[in-house]
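# Examination of the molecular architecture
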Amino acid sequence: MCATCGCGDATGPRVSVVAGGEHEQDDSHGHGHHHDHDHDHDHDHGHGHSDHTVILEQQVLAKNDRIAVHNREWMRGRGITALNIMSSPGAGKTTLLARTIRELGRQRPIAVIEGDQETRLDAERIREAGASVVQVNTGAGCHLDAEMIDRALRALDPADESLLLIENVGNLVCPALFDLGEEGKVVLISTPEGVDKPKKYPHIFAVADLVVINKIDLLPYVEFDVDACVAQAKILNPAVRVVVLSATTGEGMDEWYEWIGSRSAISPVAVDN
């Protein structure tokens, strides 16, 4: 159970490697090898009910942050660039990742951690696009956390100097609270969702390094003011960068790739579309 938002269930997350269209490894009850992250995990989640909600939240987030630091150090030591991609369900995260894999995967290794409450559907799409992928099913949980990423890294074993794309559970609230050890936080919204997402979910936009406005190919058919949405995001986070694109048609993808290069020690060259 997550003390910060009340999500989760007794079974905990399930981490599985997806390869060749089959379920290759289930890490629900432990992991077969490790990468010397050198930190302990406290699995005593407690069974009582505390009135000290704020203290519990601070403890949960402090533990998460400690593991996130180790994740970040481990990945930086291997030249791995991790990006945490967050959105509401249906905004186009998986479509964006699949296109990125097909186009950037020719230049550097790409690995993916897929977060969903249930199923391996998105992980199968990622595998078909050409990336190694681990599926994390959170059950009743509404977000990924640093310990889940630690377990997923052990199962995935990404190559040195690879790009690691973390597709968080579809949710614009709780993922904003949890550092995963990433080098950049990406918030993805889509034009059919409406222009007011930054106003409705200010915290996630305030912590974003990049806002991606997706599905601009639908602008002729929906009411969405790109400039107004960008202005709202900038009020919350003046330093945030905004990229406007269509993951379906490819329009604007070069700017997305350029931003990825800016977060990485290895900058991608121009992509031939």
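That block above? That's the structure.
Think of two packed helices as two axes; the pair is described by the angle between the axes and how far apart they sit. It is at 9 Å that the axes of helix α2 (residues 93–104) and helix α3 (residues 121–129) come closest, and there the two elements cross at 15°. In terms of their interaxial angle, α2 and α3 are classed as roughly parallel. Classified by chirality, the crossing of α3 by α2 is right-handed. Where α2 approaches α3, its residues Thr94, Thr95, Leu97, Ala98, Ile101 and Arg102 are matched on the opposing element by Asp122, Arg125, Ile126 and Ala129. Split by residue class, the contact of α2 with α3 holds five nonpolar, two polar and three charged.

In this section: the state of the cysteines. According to the stated counting rule, one finds zero disulfides in the structure shown. Cys142 takes part in no disulfide bond, and the closest cysteine sulfur to it belongs to Cys174, at a distance of 3.4 Å. Relative accessible area serves as the criterion here: at 16%, Cys142 is assigned to the buried category. What makes Cys174 buried here is its relative accessible area of 8%.

Across the 11 residues that make up helix α4 (residues 146–156), a large majority, 11, are buried. For α4, every residue scored as buried is listed here: Ala146, Glu147, Met148, Ile149, Asp150, Arg151, Ala152, Leu153, Arg154, Ala155 and Leu156. Between the side-chain oxygen at the start of α4 and the backbone nitrogen of Glu147 there is a gap of 3.2 Å, and the oxygen is on Asp145. Asp157 sits one or two residues past α4 and shows a positive phi near 50°.

Before going further, it helps to spend a moment on the pattern of salt bridges. Note that side chains of opposite charge can pair when their charged atoms are close. Tallied over the full model, the rule gives 12 salt bridges. Here Glu124 ties to Arg127 by a salt bridge, and the two come within 3.0 Å at their closest N and O atoms. Residue Glu124 and its partner Arg127 are both found in helix α3; the two are separated by three residues, about one turn of the helix. The partly exposed category is assigned to Arg127, whose relative accessible area is 25%. Close ionic contact of Asp196 with Lys200 constitutes a salt bridge, the shortest N to O distance being 3.5 Å. For Asp196, a relative accessible area of 26% gives the class partly exposed. Put simply, Arg241, Glu255 and Glu258 are held in one network by salt bridges that share partners.

A word on the pairing of strand β4 (residues 110–116). With seven of seven residues buried, β4 lies mostly within the body of the structure. Taking every second residue as pointing to the same face, both faces of β4 are buried, with Ile110, Val112, Glu114 and Asp116 on one and Ala111, Ile113 and Gly115 on the other. Inspection of the sheet shows β4 paired to strand β6 (residues 163–167) by five bridges, in the parallel sense. By the bridge assignment, Ile113 is partnered in β6 with Ile166. As judged from the six bridges shared by β4 and strand β5 (residues 132–137), these two strands associate in the parallel manner. By the bridge assignment, Asp116 is partnered in β5 with Asn137. Handedness of the crossover joining β4 and β5 through α3 is recorded here as right-handed.

Looking now at unusual backbone geometry. Although it is not a glycine, Thr119 sits at a positive phi angle of roughly 75°. The exposure class assigned to Thr119 is partly exposed, which follows from its relative accessible area of 40%. At Asp157, a position not held by glycine, the phi torsion is positive, near 50°. Structurally, the position occupied by Asp157 is in the loop between α4 and β6.

About the cut-offs
Residues numbered from 1 in each chain as written. Predicted model: local features only at pLDDT ≥ 70, side-chain atom pairs only at ≥ 80, totals over all residues. Heavy atoms only, no water. Axes fitted to C-alpha atoms, helices over the stretch in contact; angles between N-to-C directions. Helix = DSSP H or I, 4+ residues; strand = E, 2+ residues; numbered from the N terminus. Parallel < 35°, antiparallel > 145°, perpendicular 65-115°, else oblique. Left-handed = near helix turned anticlockwise from the far one by under 90°. Contact = heavy atoms within 4.5 Å. Nonpolar A, V, L, I, M, F, W, Y, C, P; charged D, E, K, R; others polar. Disulfide = S-S within 2.5 Å. Buried < 20%, exposed > 50% of the residue type's maximum accessible area, 1.4 Å probe, protein only. Polar contact = N/O pair within 3.5 Å; in protein donor to acceptor, adjacent residues only side chain to side chain. Salt bridge = Lys/Arg side-chain N within 4 Å of Asp/Glu carboxyl O. Pairing = 2+ DSSP bridges. Right-handed = clockwise from strand over helix to strand, strands pointing away.

These figures capture arrangement, not role.
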